[in-house]
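Examination of the molecular architecture
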Amino acid sequence: MSTPEEIRSFLTSRRARITPEEAGVPVFGGARRVPGLRREEVAHLAGVSTDYYAKLERGRTRGASREVLDAIAHALQLDDTEREHLLNLVDVTAAPHRRKPRPKTPMAVTAGTQAVLDAITVPAIVQNARLDVVAANALGSALYPLPPKGGELFNAAVFQFLDPRAEDFFIDFARAKRNAVALLHQAAGRDPFDDALIRLIGQLSMQSDEFRSLWASHDVIRYQRGTKRYRHPDVGDLEFGYESFDLTTEPGLTMLVYTVEPHSPTAERIALLASWVKTQVGSPDRAETS
């Protein structure tokens, strides 16, 4: 999808989810043929003409000021991540000649980062924006069905949509898939020149009807903190909090650290998993059987 088409679809989807009553604008006369807000209602809220907003929604954003875009984001009740996504998309269309590809994301971590991972006593992994797991500590490797070292990268979105094991692994499977798509959508807005990301989205779109449907929703999120629930094949149900940290020394990578409530069933099961990991050190099949 071209960036102007992405802008059109994103803005259309955002105004479709807000009713005039929720937006606090007068309801214009006549039968409503679209869900949510009309273009003229968004324009009214943003303080621009309907023609000007319609032009922006068609992806013709050259010359659009930050003030106008902020007003449209406010009118559509965009959260911070959605607002950033809109600005990223506009940046590409408004000045494509100035937009340069971002530096390539590292496909591995430094020895120092790996040492930090290994010192963490709960599961921890490092992902890139494409949701490839590029590093993990021992418990992180045991938590996910990661391939042996030297094998292909484990991609969370490919696992969720194309691997039949995923449905049993994720307790909140539908939410996990929605979040994965929203993370990829946000990444695509930040870096539309990422060829590997383009290929990944193409692969998932070709092989998963559900991925295509979720992609059409145009939702975007970013990692911050939250909860994750898994059903591990060896130790049973696990419930974690998690915190995310962008690695400033390795741009494009994010560390996810899974927190465990003391004395909880998850704490007991993670202790069991850690004990099991120790007995498997040196076994080439450890990662495949987790």
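Residues numbered from 1 in each chain as written. Predicted model: local features only at pLDDT ≥ 70, side-chain atom pairs only at ≥ 80, totals over all residues. Heavy atoms only, no water.

If you check an unreviewed UniProt entry, the protein appears there as Helix-turn-helix transcriptional regulator from Microbacterium pumilum.

Each helix and strand in the protein was counted, giving 15 helices and six strands. The buried share of the protein, taken over its 290 residues, is 47%. By sequence separation, contacts in the protein at least 24 residues apart represent 56% of the contacts at least 6 residues apart. When the accessible surface of the protein is totalled, it reaches about 15200 Å², and 52% of it is carbon and sulfur. (Helix = DSSP H or I, 4+ residues; strand = E, 2+ residues; numbered from the N terminus. Buried < 20%, exposed > 50% of the residue type's maximum accessible area, 1.4 Å probe, protein only. Contact = heavy atoms within 4.5 Å. Areas by Shrake-Rupley, 256 points an atom, 1.4 Å probe, with all protein chains shown as cover.)

By the element assignment, H85 lies in helix 6 (residues 80-94). A C-alpha to C-alpha distance of 9.3 Å links H85 and I221, two positions 136 residues apart in sequence.

Taken as a whole and assessed by the stated rule, the structure comprises 18 salt bridges. A salt bridge links R8 to E5; the shortest N-O distance between them is 2.7 Å. Of this pair, R8 and E5 are both found in helix 1 (residues 3-16), three residues apart, which corresponds to roughly one turn of the helix. What makes E5 partly exposed here is its relative accessible area of 29%. Residues D172 and R229 are paired through a salt bridge, measuring 2.7 Å at the closest nitrogen-oxygen approach. With D172 in the loop between helix 10 (166-169) and helix 11 (173-190) and R229 in strand 4 (residues 225-232), this pair connects stretches of sequence that are 57 residues apart. (Salt bridge = Lys/Arg side-chain N within 4 Å of Asp/Glu carboxyl O.)

Let us now look at unusual backbone geometry. Of note, the phi angle at Q77 is positive, near 55 degrees, even though the residue is not glycine. Here Q77 lies in the loop between helix 5 (66-75) and helix 6. One non-glycine residue, H263, adopts positive backbone phi at about 65 degrees. Relative to the helices and strands, H263 is located in the loop between strand 6 (253-259) and helix 14 (265-280).

The next thing to look at is the pairing of strand 2 (residues 132-136). Taken across its five residues, strand 2 has five buried, putting it largely inside the fold. With three bridges connecting them, strand 1 (residues 124-128) and strand 2 associate as antiparallel partners. Bridge pairing links I125 to A136 in strand 2. The antiparallel hairpin formed by strand 1 and strand 2 contains three residues in its connecting segment, where L131 sits at a positive phi of about 70 degrees. As paired elements, strand 2 and strand 3 (residues 154-155) share two bridges and run antiparallel to each other. Within the sheet, the bridge partner assigned to V133 lies in strand 3 and is F154. (Pairing = 2+ DSSP bridges.)

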